[in-house]
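Examination of the molecular architecture
What follows is each chain in one-letter form.
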Amino acid sequence: MIGVRGVSVRLGGALVVDGVDLVVDEGEWVTVIGPNGAGKSTLLRAIGGLVAYTGEIDLGGRPVGTLSRRERARTVATVAQTPVVPPGMRVIDYVLLGRTPYIAPLGRESASDLAAVDEVLAALDLVTFADRRLETLSGGERQRAFLARALAQGARILLLDEPTAALDIGHQQEVLDLVDRLRGERSLTVLSTMHDLSIAGEYADRMLMLARGRVVVAGTPREVLTEAVLSEHYRARVRVLEGEHGPIVLPVRKKV
Amino acid sequence: MTPAPRPAGLRLGWLIGGLVAVAVALVAGVAFGPVTLPPGSVAAELLNLIPGVRLDSGLSDREIAIITELRLPRVVLGLLVGAMLAMAGAAYQGVFRNPLADPHLLGVAAGAGLGVTAVIASRTTDGGDATADLPIGVPPAAFLGALIAVALTWTLGAAGGRERTPATLILAGVAVSAFLAAAQTYLMQQHVETLRQVYSWLLGRLATAGWHDVLLILPYAVITGLIVLSRRRELDVLTVGDEEAASLGLHPQRSRYLLLVAASLGTAAAVSVSGLIGFVGIIVPHTLRLLSGASYRSLLPLSILFGAAFLALTDVVARTVAGEAEVPIGVVTAFFGAPFFILVLRASRTVAP
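Here the structure is a predicted model, which means the values were calculated and not measured.

1. Notes on the overall build of chain A
Broken down by element type, chain A carries nine helices and twelve strands. Against the compact-globule benchmark of 18 Å for 256 residues, chain A has a radius of gyration of 19 Å, which places it among compact chains. Expressed along its principal axes, the backbone C-alpha trace of chain A runs to roughly 60 × 40 × 35 Å. Here chain A, with 256 residues, has 52% of them falling under the buried criterion. Just so you have it, chain A exposes about 11300 Å², and 51% of that area is on carbon and sulfur atoms. Distance between charge centres in chain A, computed from 31 positive and 32 negative side chains, equals 7 Å.

2. Section: the sheet that holds strand 8 (residues 189-193) of chain A
Residue and element names in this part refer to chain A. Spatially, the six strands line up as an open sheet ordered 6-7-8-3-9-10, and their pairing is mixed. Lying at the two open borders of the sheet, with one neighbouring strand each, are strand 6 (76-79) and strand 10 (214-219). Taken over all neighbouring pairs, the strand axes of this sheet differ in orientation by 15° on average, direction set aside. Summarising the sheet, strand 6 and strand 7 (residues 157-161) pair through four bridges and their orientation is parallel. Its bridge partner lying in strand 7, Val 76 is registered against Ile 157.

3. Topic: the pairing of strand 1 (residues 2-11) of chain A
Along any regular strand the residues' side chains alternate between the sheet's two faces. All names here are of chain A. Two strands pair when backbone bridges link them, and strand 1 and strand 2 (residues 14-24) are joined in this way by seven bridges, in the antiparallel orientation. Across the sheet, residue Val 7 finds its bridge partner in strand 2, namely Val 20. Connecting strand 1 to the next strand, strand 2, in antiparallel fashion are two residues, including Gly 12 with a positive phi near 55°. The sheet contact formed by strand 1 and strand 4 (residues 54-59) spans five bridges and is antiparallel. Across the sheet, residue Arg 5 finds its bridge partner in strand 4, namely Glu 56.

4. A few points about helix 2 (residues 39-48) of chain B
Note: α-helices contain 3.6 residues per turn, so residues at a spacing of three or four share the same orientation. Within the sequence span of helix 2 of chain B, burial applies to B:Ser41, B:Val42, B:Ala44, B:Glu45, B:Leu46 and B:Asn48. Buried positions along helix 2 of chain B lie against helix 1 (12-31) and helix 3 (61-96) of chain B.

5. Some thoughts on helix 1 of chain B
For helix 1 of chain B, which comprises 20 residues, the first-to-last C-alpha distance of 28 Å matches the rise-based estimate of 28 Å (1.5 Å per residue) to within 8%. In the core, the buried residues of helix 1 of chain B are packed alongside helix 2, helix 3 and helix 13 (296-320) of chain B.

6. A closer look at the nonpolar core
Across soluble globular proteins, you tend to see nonpolar side chains buried next to one another. Counting 150 residues, the largest nonpolar core has A:Leu124, A:Leu147, B:Val81 and B:Tyr92 as the members making the most contacts within it. Per-element tally for this core: the top contributor is helix 3 of chain B, with 18 residues. Residues within four places of B:Val81 in sequence aside, it is in contact with B:Leu206, B:Ile217, B:Ala270, B:Val273, B:Ser274, B:Ile277 and B:Leu311. One finds A:Val4, A:Val9, A:Val30 and A:Ile57 within the second-largest nonpolar core, a separate group that totals 27 residues.

7. Points about the pairing of strand 3 (residues 29-33) of chain A
All names here are of chain A. Taken across its five residues, strand 3 has five buried, putting it largely inside the fold. Neither face of strand 3 is left uncovered, since the one carrying Trp 29, Thr 31 and Ile 33 and the one carrying Val 30 and Val 32 both have all their residues buried. The sheet contact formed by strand 3 and strand 8 spans four bridges and is parallel. Residue pairing in the sheet places Thr 31 in a bridge with Ser 192 of strand 8. Direction of pairing for strand 3 relative to strand 9 (residues 206-211): parallel, over a ladder of four bridges. Residue pairing in the sheet places Val 30 in a bridge with Arg 206 of strand 9.

8. Focus on the confidence of the model for chain B
All names here are of chain B. Across chain B, the average pLDDT comes to 87, with 92% of residues at 70 or higher. Taken element by element, chain B is modelled with least confidence in helix 7 (residues 195-202), mean pLDDT 75, and with most confidence in helix 1, mean pLDDT 95. In the predicted assembly, ipTM is 0.92 and pTM is 0.90.

9. Topic: the packing of aromatic side chains
Within this structure, the stated rule accounts for eight aromatic pairs over all chains. Where B:Trp14 meets B:Phe306, the ring centres are 6.1 Å apart and the plane angle is 75°; that geometry is what we call edge-to-face. Linking B:Trp14 in helix 1 with B:Phe306 in helix 13, this pair joins segments that are 292 residues apart in sequence. Residue classification places B:Phe306 among the partly exposed residues on the basis of a relative accessible area of 21%. The rings of B:Tyr92, B:Phe96, B:Trp154 and B:Tyr257 are connected pair by pair, giving a single aromatic cluster. The side chain of A:Arg74 reaches across the aromatic face of A:Tyr102, ending 5.0 Å from its centre. Across from the ring centre of A:Tyr102, 4.0 Å away, lies the NZ or CZ of A:Arg99, which sits over that ring.

10. What about the environment of A:Val216?
All names here are of chain A. With respect to the helices and strands, the residue Val 216 is situated in strand 10. For Val 216, a relative accessible area of 34% translates into the label partly exposed. Remark: the alpha-carbon pair of Val 216 and Gly 34, spanning 182 residues in sequence, is separated by 9.2 Å. Among residues more than four places away in sequence, those in contact with Val 216 are Met 209, Leu 210, Ala 211 and His 233.

11. Things to note about the environment of A:Gln173
Residues and elements named next belong to chain A. Structurally, Gln 173 is set in helix 6 (residues 169-185). Remark: the alpha-carbon pair of Gln 173 and Arg 74, spanning 99 residues in sequence, is separated by 27 Å. Residue contacts for Gln 173: discarding those within four places in its chain leaves Ile 199 and Tyr 203.

12. Quick word on the sheet that holds strand 2 of chain A
Within the open sheet, the four strands sit side by side as 2-1-4-5 (chain A). Their pairing is antiparallel. Among the strands making up the open sheet, the edge pair consists of strand 2 and strand 5 (62-63) of chain A.

13. Considerations on the pattern of salt bridges
By the definition in use, this model includes 25 salt bridges over all chains. Residue A:Glu185 is joined to A:Arg181 by a salt bridge in which the shortest nitrogen-to-oxygen separation is 3.0 Å. Of the two residues, A:Glu185 and A:Arg181 both sit in helix 6, four residues apart, roughly one turn of that helix. Overall, A:Arg181 belongs to the partly exposed group, its relative accessible area being 37%. One network of salt bridges, in which partners are shared, links B:Arg74, B:Asp315, B:Arg319 and B:Glu326.

Basis of the calculations
- Residues numbered from 1 in each chain as written.
- Chains lettered and ligands numbered in written order.
- Predicted model: local features only at pLDDT ≥ 70, side-chain atom pairs only at ≥ 80, totals over all residues.
- Heavy atoms only, no water.
- Helix = DSSP H or I, 4+ residues; strand = E, 2+ residues; numbered from the N terminus.
- Rg over C-alpha atoms; globule rule 2.2 N^0.38 Å.
- Buried < 20%, exposed > 50% of the residue type's maximum accessible area, 1.4 Å probe, protein only.
- Areas by Shrake-Rupley, 256 points an atom, 1.4 Å probe, with all protein chains shown as cover.
- Lys, Arg positive; Asp, Glu negative; His and termini not counted.
- Charge placed at Lys NZ, Arg CZ, Asp CG, Glu CD.
- Pairing = 2+ DSSP bridges.
- Axes fitted to C-alpha atoms, helices over the stretch in contact; angles between N-to-C directions.
- Contact = heavy atoms within 4.5 Å.
- Expected span 1.5 Å × (residues − 1).
- Core = buried A, V, L, I, M, F, W, Y, C linked by side-chain atoms within 4.5 Å.
- pLDDT = per-residue confidence, 0-100.
- Phe/Tyr/Trp six-rings, centres within 6.5 Å; stacked < 30°, edge-to-face > 60°.
- Lys NZ or Arg CZ within 6 Å of the ring centre and 35° of its normal.
- Salt bridge = Lys/Arg side-chain N within 4 Å of Asp/Glu carboxyl O.

Here's what the structure looks like:
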């Protein structure tokens, strides 16, 4: 469960997130959308405890300020928009980094940490890649490795910043299907940001649109993805069609 | 079915290899010199230093005295200095996430050198005896100089903002080095009477070392080694950058500062007794990265072992290659290190850590 009340973030003097309220229930998938620079990533970073904010944030019912760094890392796992790929690091070592909050500062990993890594590698179909260097993986495989590290943290809350930005349409669906499956199997609460509106609407239970740091619309995909809302906040010319699971957003060219 | 891969760590084979390398360097370092002693006898005599061991090496008392009073302290000092420089290089590379980082290229060694010069120059009364023992205040002064230098380099290197590349930090290090070297030259000019002692130290020396120098830096080496080795896992976490490291529950700045201070202390200890011996912190860790993997969990302990062996063997080369005359060891490491650095520079343009 994520509870956000009146959260604002200032970066270098600019108000990037402005009084956001948001509740993500346990097991729910909520996606934050909005034009470039709307404050989506910054909101996620605030919830992950990676940037200073004002307001209140609860994770799993506890105020985030009362959690130690390690407790926080066991409660919430973040996949950054473009995670760093350390040169020469193998997939198994990368996924093992996810166990950092369980390993004593001067200690080494235990059998249970290794078991957790093995379990995650199997769940994400990465066993055959365990010995490969991360930089040799394709985009889709890499995204699975990023997810695997986050899952190895054993956190019930998953924050995904543009998890599909670098992927083709097939791999986008593959990764999002995977997240959806894991959400069910591990009762994860997922908060993501996304740019592709149609695909975002297909997977999210609810959506939140940010513009200039403020929440402008929140609700089901059907309520958020309307021609009026999109043309106002994205300044885009779109048609919204009724799809099988949710609305489909089609960009259209300006009539000459 | 292939066995499941194990996570990175110090493999037994590599650990044994490192220990063997140190043993070989130790025996070779003691055996070779103006009077060459048979390595087998030297090994027996070294084992005799272990309490309870009594082997007959067949060496005369005079030869045994050469071993324990002249050659052994020099070789042990070489091992310690090599271990500190290689370990500091690997740690700096991790802390800065920069493959080009090295105690000398960051200006840390120059800072330590300025500290040492200040202490030696301030002792004007003894007439600048080049073989005088180093004052006990040398390592702390070197440490202070090293910390100031690394702080300057870091601050200047960060001035590039988002445009920062691995080379930016090194350029800052070069500027800091030049500045500190100028300050050092000025200091030497003001205290000409100690010039000879400073020079003999400056060029990189293990030559005048006796047990005094070993004992002078041993405590610093032990403390530094323990700090850095105990934090080697954190250096692996830091490879994903500060923000992701923080999301994994680490306090990245705190880890960074601690490791930076420890690596600078190790550098200062090495520079205090041996002067300016460059490139060890580049050559050893990068060779090990290629051979044994990039994880700092194996890289740091192996850098200590192979760095030690590397410098002790380099010293053998330095004092035998030119016959009677001894080549300064810093000249030998630079001769191999500079071309090696170019290779690392080329590789780092494609893969930055």
